[in-house]
Every structure is written in C-alpha cells, then in structure tokens.
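For reference, the chains in residue letters:
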Amino acid sequence: MSDREQKENTKQDSKQGGDGKQMILGFHAVIARLRQDPESLRTVYVDPARRDRRMQDFIKSAEPILGRRLHQADTERLRTLAGNDRHQGVVAFADTISKVQTLDELLDALQGPALLLILDGVTDPHNLGACLRVADGAGVDAVIVPKDRSAHLNATVSKVASGAAETMPLIAVTNLARTMRDLQEAGVWLIGTDDQSEKTLYDIDLSGPVAIVMGAEGEGMRRLTRETCDELVKIPMSGGVESLNVSVASGVCLYEARRQRMLKGV
C-alpha cells in the first residue's frame, strides 16, 4: 500500500464513530481481539521504529492472520489515530463484537449460579478498565453500570482492561435500582460494600447467585442503590489506609466468591 493510501486510511480510521467500529490500543487488548475474533479487526497499525522482541513477536503472530490489514505507521500517525501516546506502538480499528447487551439476554445465557459486578458511579475510565480486568479474571458473567454517572467503554477502558473489554459483557442500564430489583426477582442476592457494616465479606455465603455492588471511591453507593441491596458487608482493613481502590476492592470480593465456589464445587 502506498504512503498516500495509508494516509487516506488514517484519516478515515481517525474518524471512527457510530458505524459499529471501535478503536483498540496496546498489545494486550489487540492480542485478545486477535485470539477471540480476528475477522473483526479491520486495520492494525504498528510502529516500525519499535524493533524490540515484544513487537517482533506480535508481528510474527499477527501477520499470517491479518495479511494486508496489518500496516506500518510512524509515531506521528499513531498519535493522530489514538489521540495520545499511550498506545505502545499498536493501534487497531475493529468491528464491535456481539456480547450480551441486555439484562434479559444475560439471565438467559447464564450457566450455573450468577456472579455479577455492579458498579454505581464509577466515572474514571481507568477504574472501569481495571474492574473489567479483575472481573474477567474472576470469571464474572457481566459487569453492570448505569447509563448516567458512569464511565463507558472507550479506548482508554479497553487498554487498561488488557483484553478483558473484548470478552467481558458490559451492560449499561437506564435505572440501576430497577435492574437490581429485577435481579432479585431472578434469585440473585445483592451484596453491597459498606465500610460501616458490622458484617465482613467473610461472614456470608457467596457460593450462590450473587451480584457484588461497588460504589464510587469517596462517595460510595447512592442511597437508593444501598437500600436495594440485600446485604451490606465490609472488607476488613488492618493497616493505616481507610479504603481500597474500587478495582482492588472488587477483586477482593469477587475472588472470595470464586474461592467459596471452588470449595463447594460450584
């Protein structure tokens, strides 16, 4: 492909938006999409100035699969595409892949007791990306967020999630409290986190269908979200800090649920 054609492609890709195309940044996220659904990758740009082993290994594995969809782009072009310098020399544009989009689809697709993560008011895309990453690692069925007062999937979230954004269903709902009540009617136990609770995370059974409900750092859960929970628990803190980052707290809770399920063979 000529330099002129590559520049024209760059202009078109940098205008990605509402046509079902998403931008994916960094090695982890692009490799995850390459493994999961390589046909969804429209164009992948790599920095020819990077000659390290990591880039060589990436090109070696990607080139046979992508063929003419793999292009070189200099630093300036990659910055234009990504809108920043946090792309590690890899920028991809891909079709949005199909994952469960609604609560009904989620409930219909469940196999075994549900394990969900509900995030109320987490507006930092870095925190959302980290939560998706830990949720994927813990085997969560889906992450649920409100449409308002929440970060949503974008290139930053995808990069921080290190591939989890490509596999973890992220469901945005109009009314979080109503969604929580619908989950309760479906038999899902809602466990909220509250530093003032007398019960700890380790005092309750998490082996059944549960949703862990986390609030934003500092503000915590909104009042209605808190009141809708079936149980409030705290994470025991032994050091000098009063609380954990929301993604770390999510990981502690989700992996305790996973530990209990493993012990019971669930």
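Quantities reported herein were computed from a predicted structural model and do not represent experimental measurements. (Residues numbered from 1 in each chain as written. Predicted model: local features only at pLDDT ≥ 70, side-chain atom pairs only at ≥ 80, totals over all residues. Heavy atoms only, no water.)

Just to check I follow, could you spell out unusual backbone geometry for this structure?
Note: most residues except glycine have negative phi, and most peptide bonds are trans. The phi dihedral of Gln88 falls on the positive side, at around 65 degrees, and the residue is not glycine. Even without being a glycine, Arg149 presents a positive backbone phi close to 55 degrees.

Sorry if this is basic, but what is going on with the packing of helix H2 (residues 27–36) against helix H3 (residues 53–66) here?
The angle between the axes and the distance between the axes are what describe a pair of packed helices. The contact between H2 and H3 brings their axes to 11 Å, and the two run at 25 degrees. Relative to H3, the element H2 is oriented roughly parallel. Crossing of H2 over H3 shows left-handed handedness. Counting all contacts with H2, which are made through Phe27, His28, Val30, Ile31 and Leu34, the residues of H3 involved are Arg54, Met55, Phe58, Ala62, Ile65 and Leu66. Of the residues that constitute the contact of H2 with H3, the class distribution is nine nonpolar, one polar and one charged. (Axes fitted to C-alpha atoms, helices over the stretch in contact; angles between N-to-C directions. Helix = DSSP H or I, 4+ residues; strand = E, 2+ residues; numbered from the N terminus. Parallel < 35°, antiparallel > 145°, perpendicular 65-115°, else oblique. Left-handed = near helix turned anticlockwise from the far one by under 90°. Contact = heavy atoms within 4.5 Å. Nonpolar A, V, L, I, M, F, W, Y, C, P; charged D, E, K, R; others polar.)

Please explain the packing of helix H6 (residues 125–137) against helix H10 (residues 246–264) as it appears in this structure.
For the pair H6 and H10, interaxial distance at closest approach is 8 Å and the crossing angle is 15 degrees. Overall, the two elements H6 and H10 adopt an arrangement that is roughly parallel. Of the two elements, H6 crosses H10, and the hand of that crossing is right-handed. From H6, Asn127, Ala130, Cys131, Val134, Ala135 and Gly137 reach across to H10, where they touch Val246, Ser247, Ser250, Gly251, Leu254 and Tyr255.

When you look at the nonpolar core in this model, what are you seeing that I'm missing?
One broad rule of soluble globular proteins: the nonpolar side chains tend to lie buried together. Membership of the largest hydrophobic core comes to 34 residues, with the highest contact counts inside it found for Leu117, Leu119, Leu132, Val143 and Leu254. Those elements giving two or more residues to this core turn out to be strand S5 (115–120), H6, strand S6 (142–146), strand S9 (210–215) and H10. For Leu117, the residues in contact, after removing those within four places along its chain, are Cys131, Ala135, Val140, Ala142, Val143, Ile144, Ile212, Met214, Ser250 and Leu254. (Core = buried A, V, L, I, M, F, W, Y, C linked by side-chain atoms within 4.5 Å. Buried < 20%, exposed > 50% of the residue type's maximum accessible area, 1.4 Å probe, protein only.)

Mind showing me how you'd approach H10 here?
In an α-helix there are 3.6 residues to a turn, and that puts residues three or four apart on one side. For H10, with 19 residues, the first-to-last C-alpha span of 27 Å sits near the 27 Å given by 1.5 Å per residue. Listing the buried residues of H10 in full gives Val246, Ser247, Ala249, Ser250, Gly251, Cys253, Leu254, Glu256, Ala257, Gln260 and Arg261. Of the surrounding elements, those touching the buried residues of H10 are S5, H6, strand S8 (189–193) and S9. Phi turns positive, to about 70 degrees, at Gly265, one or two residues after H10. (Expected span 1.5 Å × (residues − 1).)

Explanation requested: the layout of surface pockets in the structure shown.
Gaps left between atoms are located by rolling a probe of water-molecule size over the structure's atoms. If you add up the space inside the largest pocket, you get close to 440 Å³. Along its surface, the largest pocket is lined by 20 residues, and Thr193, Asp195, Ala216, Gly220 and Ser243 are the ones closest to its centre. Of all the secondary-structure elements, those providing two or more residues to the lining of the largest pocket are S9 and H10. Here the lining of the largest pocket is composed, by residue class, of nine nonpolar, five polar and six charged. (1 Å grid on protein atoms, 1.4 Å probe; cavity = no way out; pocket = protein on both sides within 12 Å on 5 of 7 lines; lining within 4 Å. Points joined across faces, edges and corners; volume = space filled by probe spheres on them.)

Just to check I follow, could you spell out a negative patch on the surface for this structure?
There is a patch of like negative charges on the surface, built from Asp104, Glu105, Asp108, Asp182 and Glu185. With three residues, the top contributor of residues to the negative patch is helix H5 (residues 103–109). With respect to the secondary-structure elements, Glu185 resides in helix H8 (residues 176–185). (Patch = residues over 30% accessible without salt bridge, like charges linked within 9 Å, V, L, I, M, F, W, Y side chains within 5 Å. Areas by Shrake-Rupley, 256 points an atom, 1.4 Å probe, with all protein chains shown as cover. Salt bridge = Lys/Arg side-chain N within 4 Å of Asp/Glu carboxyl O. Lys, Arg positive; Asp, Glu negative; His and termini not counted. Charge placed at Lys NZ, Arg CZ, Asp CG, Glu CD.)

Looking at this structure, how should I read the sheet that holds strand S2 (residues 41–46)?
Ordered in space as S1-S4-S2-S3, the four strands form an open sheet in which the pairing is mixed. Across the chains shown, the open sheet's two edge strands, defined by having one partner strand only, are strand S1 (21–25) and strand S3 (70–72). When strand polarity is set aside, the average angle formed by the axes of neighbouring strands in this sheet is 20 degrees. Against the sheet, H3 contacts S2, S3 and strand S4 (90–95), and its axis sits at roughly 150 degrees relative to S2. Against the sheet, helix H4 (residues 75–82) contacts S1, S2, S3 and S4, and its axis sits at roughly 40 degrees relative to S4. (Pairing = 2+ DSSP bridges.)

Could you clarify how one ought to interpret the sheet that holds S5 in this entry?
One key point about sheets: their strands pair by backbone hydrogen bonds, in either a parallel or an antiparallel sense. On the basis of which strands lie adjacent, the open sheet formed by six strands has the order S7-S6-S5-S9-S8-S10 and parallel pairing. Lying at the two open borders of the sheet, with one neighbouring strand each, are strand S7 (170–173) and strand S10 (231–233). Geometrically, the sheet is characterised by an average inter-axis angle of 25 degrees between neighbouring strands, direction not taken into account. Bridge analysis of S8 against S10 gives three bridges, and the strand direction is parallel.

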